[in-house]
Amino acid sequence: MLYKKIVVPTDGSEVSMEAARHAIEIGKLMKAEIYAIYVVDIAPFIGLPTEGLWETMKEILNEEGEKALKKVKKMSEECGVNVKCEILEGVPANEIVEFAEKKRADIIVMGTSGKTGLDRFLLGSVAEKVIRNAHCPVLIVKKQEKEE
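Residues numbered from 1 in each chain as written. Predicted model: local features only at pLDDT ≥ 70, side-chain atom pairs only at ≥ 80, totals over all residues. Heavy atoms only, no water.

**Comments concerning the packing of helix α3 (residues 92-103) against helix α5 (residues 126-133)**
Applied cut-off: Between N-to-C directions, angles span 0 to 180 degrees; the directions come from axes that are lines fitted to C-alpha atoms, helices contributing only their stretch in contact. Secondary structure elements follow DSSP: runs of H or I of four or more residues count as helices, runs of E of two or more count as strands, with numbering from the N terminus. The cut-offs work like this: below 35 degrees is roughly parallel, past 145 is roughly antiparallel, 65 to 115 is roughly perpendicular, and the gaps in between are oblique. For any helix crossing, the convention is left-handed if the near helix is rotated counterclockwise from the far helix by under a right angle, and right-handed if that rotation is clockwise. In this analysis, two residues are considered to be in contact whenever any of their non-hydrogen atoms come within 4.5 Å of each other. In this count, Pro and Cys sit with the nonpolar residues alongside Ala, Val, Leu, Ile, Met, Phe, Trp and Tyr, while Asp, Glu, Lys and Arg are called charged and the others, Gly among them, polar.
Where α3 meets α5, the axes come as close as 8 Å, and the angle between the chain directions of the two elements is 40°. It follows that α3 is oblique to α5 by the angle criterion. Seen from above, α3 lies across α5 with right-handed handedness. Together, P92, A93, I96, V97 and E101 of α3 and V126, K129, V130 and N133 of α5 make up the contact between the two elements. Class assignment for the residues of the contact of α3 with α5 results in six nonpolar, one polar and two charged.

**Observations regarding the sheet that holds strand β3 (residues 83-90)**
Our working rule: Being paired, for any two strands, means DSSP has found at least two bridges between them.
A sheet is described by the order of its strands in space; here five strands give the open sequence β3-β2-β1-β4-β5, paired in parallel fashion. For this open sheet the edge positions go to β3 and β5 (138-142), each flanked by a neighbour on one side alone. Pairs of neighbouring strands in the sheet enclose a mean axial angle of 25°, with direction left out of account. In this sheet, strand β2 (residues 33-41) lies alongside strand β1 (residues 5-9) in parallel orientation, the contact comprising five bridges. Bridged to K5 within β2 is E33. Across the face of the sheet, α3 comes into contact with β1, β2, β3 and β4 (107-112) while running at roughly 150° to β2. Contacts from α5 reach β4 and β5 within the one sheet, and its direction differs from that of β4 by about 160°.

**A few points about the pattern of salt bridges**
Here is the rule: Here, a salt bridge means any side-chain nitrogen of Lys or Arg that lies within 4 Å of a carboxyl oxygen of Asp or Glu. Burial classes follow relative accessibility: with a 1.4 Å probe on protein chains only, a residue under 20% of its type's maximum area counts as buried, one over 50% as exposed, and anything between as partly exposed.
Taken as a whole and judged by the stated rule, the model has five salt bridges. Close ionic contact of K84 with E33 constitutes a salt bridge, the shortest N to O distance being 3.2 Å. Linking K84 in strand β3 with E33 in strand β2, this pair joins segments that are 51 residues apart in sequence. Residue class for K84 comes out partly exposed when judged on its relative accessible area of 39%. What makes E33 partly exposed here is its relative accessible area of 32%. Between E78 and K74 there is a salt bridge, and its shortest N-O distance comes to 3.6 Å. With a gap of four residues between them, E78 and K74 both fall in helix α2 (residues 53-78), about one helical turn apart.

**Points about the confidence of the model for the protein**
To keep things clear, this is the line we draw: Confidence of the predictor at the level of single residues is captured by pLDDT, which takes values from 0 to 100.
Here the protein shows a mean pLDDT of 87. Residues at 70 or above account for 82%. Within the protein, the lowest mean pLDDT, 48, falls on helix α4 (residues 117-123), and the highest, 97, falls on β1.

**Some remarks on the packing of aromatic side chains**
In plain terms, the rule: Side-chain rings of Phe, Tyr and Trp (the six-membered ring for Trp) are treated as a pair once their centres are within 6.5 Å; stacked means planes under 30 degrees apart, edge-to-face means over 60, and tilted covers the remaining angles.
This structure, assessed with the given rule, holds one aromatic pair. Considering the side-chain rings of Y35 and F99, the 5.9 Å spacing of their centres and the 75° angle between planes classify their relative orientation as edge-to-face. Note that Y35 is positioned in strand β2 and F99 in helix α3, a separation of 64 residues in sequence. Residue classification places Y35 among the buried positions, given a relative accessible area of 7%.

**Points about the environment of K73**
Mapped onto the elements of the fold, K73 is located in helix α2. The exposure class of K73 is partly exposed, given its relative accessible area of 29%. Between the C-alpha atom of K73 and that of K84, which follows or precedes it by eleven residues, the distance is 8.1 Å. In this structure K73 touches N82, V83 and C85, once residues within four positions along its chain are discounted.

Here it is as structure tokens:
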């Protein structure tokens, strides 16, 4: 199986950077196109008055996205791999799946926070939703436990 197009969603977290490392290594080996995306999650703001608040929050979230994508870009350049970066807006799982379909991705490589119990029940898991709805394989990178 060859992966020619790889989508790697990031939120700037440690585990998403680990997923980006995996995607970059796979991309380098397979000479694939890599798309790093950051999704500005609009779900928490639906139904709130938008004057001023949304613009301010959107600006902050876009800055976070740019920082996260800059990290991935730097990592890829150090490995001699080109990564195309894009910031999207919407519900993260939906945007990731739609983007991957639009780009005809062969694989999505993403991290998972490993939430369990009540957190997972209340918040759901973006990774889980992507796995359920993606048209292509999804490689999940779990947060590595630090050895003592």
